[in-house]
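The chain contents come next:
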Amino acid sequence: MSANIDAKTVTNHSVIKNKHGFSVRTWAGGNGQFWWGLASTQGRRDNMEDAHLVDLHVDDQGTALFGVFDGHAGK
């Protein structure tokens, strides 16, 4: 999995197994202006092909950047 998260804003992170035995990862956080949460599950593939981005400090004007990138078998 490719993750780019502003670590200073993470308030909660967990990893659990779902009923199919796959790992489910969750993150949540915020900075008072923005609050965010995300979850990811890797299925039967060898590698996680999706990625996400959280940056709450893009500049000094309160700009934040959020992204979800859906992978498709390297295509």
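Quick summary incoming for the structure in this document. On a predicted model such as this, the values are computed, not experimentally measured, just so you know.

Let's shift gears to the overall build of the protein. Regarding its fold elements, the protein presents zero helices and six strands. Ordered by position from N to C terminus, the α and β elements of the protein give β-β-β-β-β-β. Restricting the contact set of the protein to residue pairs at least 6 apart, pairs at least 24 apart contribute 30%. About 5400 Å² of surface is accessible on the protein, with carbon and sulfur atoms providing 48% of the total.

A word on the side chain of Ser23. Topologically, Ser23 is positioned in strand E3 (residues 23-30). Within polar-contact distance, the side chain of Ser23 engages the side chain of Lys17 at 3.3 Å. Excluding residues within four positions of it along the chain, Ser23 makes contact with Val15, Ile16, Lys17, Ser40, Thr41 and Gln42.

Along the chain, His13 turns up in strand E2 (residues 10-17). Residue classification places His13 among the partly exposed residues on the basis of a relative accessible area of 44%. Between the C-alpha atoms of His13 and Arg25, which are twelve residues apart in sequence, the distance is 7.4 Å. Those residues within four positions of His13 in sequence are excluded, and the remaining contacts are Thr26 and Trp27. Among the polar contacts listed, one links the side chain of His13 to the side chain of Trp27, at a separation of 3.3 Å.

Spatial ordering of the open sheet is given by E2-E3-E4, a layout of three strands whose pairing is antiparallel. At either margin of the open sheet sits one strand with a lone partner, and together these are E2 and strand E4 (35-41). The average angle at which neighbouring strand axes cross in this sheet is 10°, direction not considered. With seven bridges joining them, E3 and E4 adopt antiparallel strand pairing. Within the sheet, the bridge partner assigned to Gly29 lies in E4 and is Trp36.

Cut-offs and rules
- Residues numbered from 1 in each chain as written.
- Predicted model: local features only at pLDDT ≥ 70, side-chain atom pairs only at ≥ 80, totals over all residues.
- Heavy atoms only, no water.
- Helix = DSSP H or I, 4+ residues; strand = E, 2+ residues; numbered from the N terminus.
- Contact = heavy atoms within 4.5 Å.
- Areas by Shrake-Rupley, 256 points an atom, 1.4 Å probe, with all protein chains shown as cover.
- Polar contact = N/O pair within 3.5 Å; in protein donor to acceptor, adjacent residues only side chain to side chain.
- Buried < 20%, exposed > 50% of the residue type's maximum accessible area, 1.4 Å probe, protein only.
- Pairing = 2+ DSSP bridges.
- Axes fitted to C-alpha atoms, helices over the stretch in contact; angles between N-to-C directions.

Scope: geometric values only; no functional claims are made or implied.
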